[in-house]
Amino acid sequence: MIGKKIIDERIITISEASEIMYERAKIGELSYEQGCALDYLQKFSKLDTDEAKKLVEELKSLGVDEKTAVKIADILPEDIDDLRAIYYKRDLPENAEEILDVVRKYI
């Protein structure tokens, strides 16, 4: 990566990454790895970009940190066990049911 530098770094959802890669594909030919990444992103993207951003913001307003909110938006846990898998290294928050109620609006 000679001559390239990181301009911006932030956590994004699978939906946002899919949109970025799709726009790059329209501009020019993707490398093999980029094509595989785009295929993966399109297969596993469950929400459109606007919905994913809105869900992340709602989760952050409930006190969920940004990294975890993005992961929740990517996976869309349906029950406590799914949510527990996301919080596997930490205790579930006290408002776990409230988090699931917000997520259920998007499923």
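The rules behind the values
- Residues numbered from 1 in each chain as written.
- Predicted model: local features only at pLDDT ≥ 70, side-chain atom pairs only at ≥ 80, totals over all residues.
- Heavy atoms only, no water.
- UniProt positions renumbered as here; feature names shortened; annotations may be inferred.
- Helix = DSSP H or I, 4+ residues; strand = E, 2+ residues; numbered from the N terminus.
- Buried < 20%, exposed > 50% of the residue type's maximum accessible area, 1.4 Å probe, protein only.
- Lys, Arg positive; Asp, Glu negative; His and termini not counted.
- Charge placed at Lys NZ, Arg CZ, Asp CG, Glu CD.
- Core = buried A, V, L, I, M, F, W, Y, C linked by side-chain atoms within 4.5 Å.
- Contact = heavy atoms within 4.5 Å.
- Salt bridge = Lys/Arg side-chain N within 4 Å of Asp/Glu carboxyl O.

Going by an unreviewed UniProt entry, the protein carries the name DNA-directed RNA polymerase subunit Rpo4 and comes from Methanocaldococcus vulcanius. Under the UniProt heading Sequence similarities (unreviewed entry), the entry covering the protein gives this text: "Belongs to the eukaryotic RPB4 RNA polymerase subunit family." The record in UniProt for the protein states the following under Function (unreviewed entry): "DNA-dependent RNA polymerase (RNAP) catalyzes the transcription of DNA into RNA using the four ribonucleoside triphosphates as substrates. This subunit is less well bound than the others."

Undergrad: So what exactly am I meant to see when it comes to the overall build of the protein here?
TA: Of regular secondary structure, the protein possesses 6 helices and 0 strands. Listed by position from the N terminus, the elements making up the protein come as α-α-α-α-α-α. Overall size of the protein, expressed as C-alpha extent along the three principal axes, is 45 × 25 × 20 Å. Among the 107 residues that make up the protein, the fraction classed as buried is 34%. If you average the places of the 17 positive and of the 25 negative side-chain charges in the protein, the two averages end up 5 Å apart.

Undergrad: Help me understand the environment of Tyr87, please; the structure alone is not making it clear to me.
TA: Tracing the sequence through the fold places Tyr87 in the loop between α5 (80-86) and α6 (96-104). For Tyr87, a relative accessible area of 7% corresponds to the buried category. Through-space distance from the C-alpha of Tyr87 to that of Thr68 is 8.2 Å; in sequence the pair is 19 residues apart.

Undergrad: Honestly, the nonpolar core in this entry has me stumped. Any pointers?
TA: Across soluble globular proteins, you tend to see nonpolar side chains buried next to one another. Counting residues in each nonpolar core, the largest one holds 20 residues, and the members touching the most others are Leu55, Leu59, Ile72 and Ile99. Among the secondary structure elements, those contributing two or more residues to this core are α3 (49-61), α4 (66-75), α5 and α6. A per-element tally of this core places α6 first, with 5 residues. Among all residues touching Leu55, those that are not within four sequence positions of it are Leu47, Ala73, Leu76, Val102, Val103 and Tyr106. In terms of nonpolar packing, the next biggest core, distinct from the first, is built from 6 residues, Ala17, Met21, Leu30 and Leu41 among them.

Undergrad: When you look at unusual backbone geometry in this model, what are you seeing that I'm missing?
TA: Across the chain, the bulk of peptide bonds are trans and the bulk of non-glycine residues have phi less than zero. Even without a glycine there, the phi angle at Leu76 is positive, about 50°. Structurally, Leu76 is set in the loop between α4 and α5.

Undergrad: Any chance you could explain the pattern of salt bridges here in plain terms?
TA: Side chains that differ in sign of charge can pair as their charged atoms come close. Counted according to the given criterion, the structure contains 10 salt bridges. With a shortest N-O distance of 2.9 Å, Arg84 and Asp81 are connected by a salt bridge. Placement of both Arg84 and Asp81 in helix α5 is noted, with a separation of 3 residues, approximately one turn of the helix. Accessibility expressed as a relative area gives 42% for Arg84, which makes it partly exposed. Its relative accessible area of 53% is what places Asp81 among the exposed residues.

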